[in-house]
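# Structure assessment
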Amino acid sequence: MTTLESVFNPHNFRQQAHELVDILADYLQNAQNETLKTTLTWVEPEDSLAYWQADFQKPLLDNPNDFFKDVIAKSTHLHHPNYMGHQVSTVAPLAALSGLLTGLLNNGMAVYEMGLVSNPLERIVTDWLAQQLGFKESGGGMLTSGGTLANLTALLAARAAKAPNDVWTEGSNERLAVMVSDEAHYCIDRAARIMGFGTAGIIKIPTNEKYQMQTDLLEKHYENAQKDGLTVIAVIGSVCSTSTGSYDDLEAIADFCEKHNLWFHADGAHGGAVAVSEKYRHLLRGVERADSVVVDFHKMMLIPALCTALLFKNPNHAFETFQQKAQYLWANQGSKDWFNSGKRTFECTKFMMSVKIYALMRTYGEAVFKEMIDTTYDLGKKMAEILRGRPHFELPVEPQSNVVCFRYISDKVLSQGLPVENINDLNAQIRRRLLEKGDFYIVQTTLQGDIYLRVTLMNPLTQPRHLEELLDEIERLGVELDV
Ligand SMILES: *Cc1c(COP(=O)(O)O)cnc(C)c1O
């Protein structure tokens, strides 16, 4: 057999795949029942690099599953109930299986012929989500590679709709700007800079004690921007913000945008998914008035990264973002055909993302997303309740979502009123030790200059008992490190 003959040998594939699925099912079981002791095994970056460099020099593998087993063992285990870290989904196994399927089929999607199934499925799942958000018209939705790219795409659409001249064709001759809260995700700032707005073109509106945009300050900042010669084109609401999971008041932003004829964009990368939940939908009140909305399926909707929906209230806007000629791709350049995905997305070749979502919905129905939101957001409230009951912990803000920030306050600080630096250092050290021990995975954030511990309860199988155990562990470390 030549190398390529063995590469494409169906018999090899069958054997390897069967074995791999068994390995993954074991991983899942061991993570869920905590036979697997740690969420991660900490290794310094240079040591990890050295390990894999040495591995790379070894003789070829007889069985690639030996490598896969090693990857599993050395990765961060999102399916462990003590995983409470970054906002990426604890993937539904069925969505991962769909990934195997779409990985092998590899239909590129930019043109209909290369996405005979995935283009219609994309239309169906984005129409469904548009409906959940309360949009009356459908057909303007698309899936794209991540919230960062989706937010950039939305702002490009905003510019096409609201800038005084046609920047796409003529380049910019105005100083354009967007308004956003100072707690917005950094990708908004980056998108505005990519679009040439510069530092002055990102107007940061201060947040209140709940880390929500102070919408009553929009008017003043808008007037100042105009005095400075800036043309504001859009206001972006964060639903929710990254650090604290706070929801901006979308009704107030919608009113302001209507009054000044501005584009209203809602960045719901993390928290837009609550549209499917009767219990938590109220957090998005006003979202149906947004011109564009971003929702990451790879955060709160159990799909592997990257998989993001960008939805437009007016479907025509979706086609006005990228007005480029690509004769070899599309015979009919100008037509608004939903089935040629590349006309509306930044990507040319694109994953068959829709298949993963569709498979989940056809098998489990909408209930899968509703339960996911209700379970994890309820758990956020539970965490706050547990924290309030423990004198060594402080909650800077009541959580609105499954993101919970808190910090450990030592006896010394409690009794002697030591300066806040001591708690900052102590909390940073606690977080570092948790990382090195690996039993729990949580992150940290800075709020108004102070360090807080932060959990995002992404794993729906996490129970209140795991939260108690985390706090017990932090208290132990707190006593040990507070010397
Ligand atoms: C995660 C997040 C982003 C970035 O999305 P990616 O999919 O990571 O690119 C943007 N905005 C908010 C509010 C987020 O939570």
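Everything in this summary refers to the structure shown in the same document. (Residues numbered from 1 in each chain as written. Predicted model: local features only at pLDDT ≥ 70, side-chain atom pairs only at ≥ 80, totals over all residues. Heavy atoms only, no water.)

### Quick look at the sheet that holds strand E7 (residues 308-312)
The mixed open sheet is built from 7 strands, whose spatial order is E1-E7-E6-E5-E4-E2-E3. Strands with a single pairing partner mark the edges of an open sheet, and in this sheet they are strand E1 (142-144) and strand E3 (202-205). Taken over all neighbouring pairs, the strand axes of this sheet differ in orientation by 25 degrees on average, direction set aside. Of the strand pairs in this sheet, strand E2 (residues 176-181) and strand E4 (residues 231-238) are connected by 5 bridges, and their pairing is parallel. Counterpart to Val180 in the pairing with E4 is Ile236. (Pairing = 2+ DSSP bridges. Helix = DSSP H or I, 4+ residues; strand = E, 2+ residues; numbered from the N terminus. Axes fitted to C-alpha atoms, helices over the stretch in contact; angles between N-to-C directions.)

### A look at the site of the ligand
Not every one of the 15 residues close to the ligand is listed here, only the nearest: Gly147, Thr148, Asp267, Asp296 and Lys299. Take Gly147: an N or O atom from its main chain is 2.7 Å from an oxygen atom of the ligand. Thr148 is positioned such that a nitrogen or oxygen atom in its side chain is 2.6 Å from an oxygen atom of the ligand. Coverage of the ligand by the protein amounts to 88% of the 380 Å² it exposes when considered alone. Contributing elements (two or more residues each) for the shell around the ligand: helix H7 (147-162) and helix H12 (297-300). A total of 3 residues in the shell around the ligand trace back to one element, the largest contributor, which is H7. (Near = heavy atom within 4 Å. Polar contact = N/O pair within 3.5 Å; in protein donor to acceptor, adjacent residues only side chain to side chain. Areas by Shrake-Rupley, 256 points an atom, 1.4 Å probe, with all protein chains shown as cover.)

### Brief notes about the state of the cysteines
Within this structure, the stated rule accounts for 0 disulfides. The thiol of Cys257 is not disulfide-bonded; the next cysteine sulfur, from Cys187, is found 18 Å away. The exposure class of Cys257 is buried, given its relative accessible area of 3%. With no disulfide of its own, Cys405 lies closest to Cys240 among cysteine sulfurs, the gap being 11 Å. The class for Cys405 is buried, based on a relative accessible area of 2%. (Disulfide = S-S within 2.5 Å. Buried < 20%, exposed > 50% of the residue type's maximum accessible area, 1.4 Å probe, protein only.)

### A closer look at a negative patch on the surface
On the surface, Glu19, Asp22, Asp26, Asp62 and Asp66 cluster together into a patch of negative charge. Residue placement: Asp26 occurs in helix H2 (residues 10-32). (Patch = residues over 30% accessible without salt bridge, like charges linked within 9 Å, V, L, I, M, F, W, Y side chains within 5 Å. Salt bridge = Lys/Arg side-chain N within 4 Å of Asp/Glu carboxyl O. Lys, Arg positive; Asp, Glu negative; His and termini not counted. Charge placed at Lys NZ, Arg CZ, Asp CG, Glu CD.)

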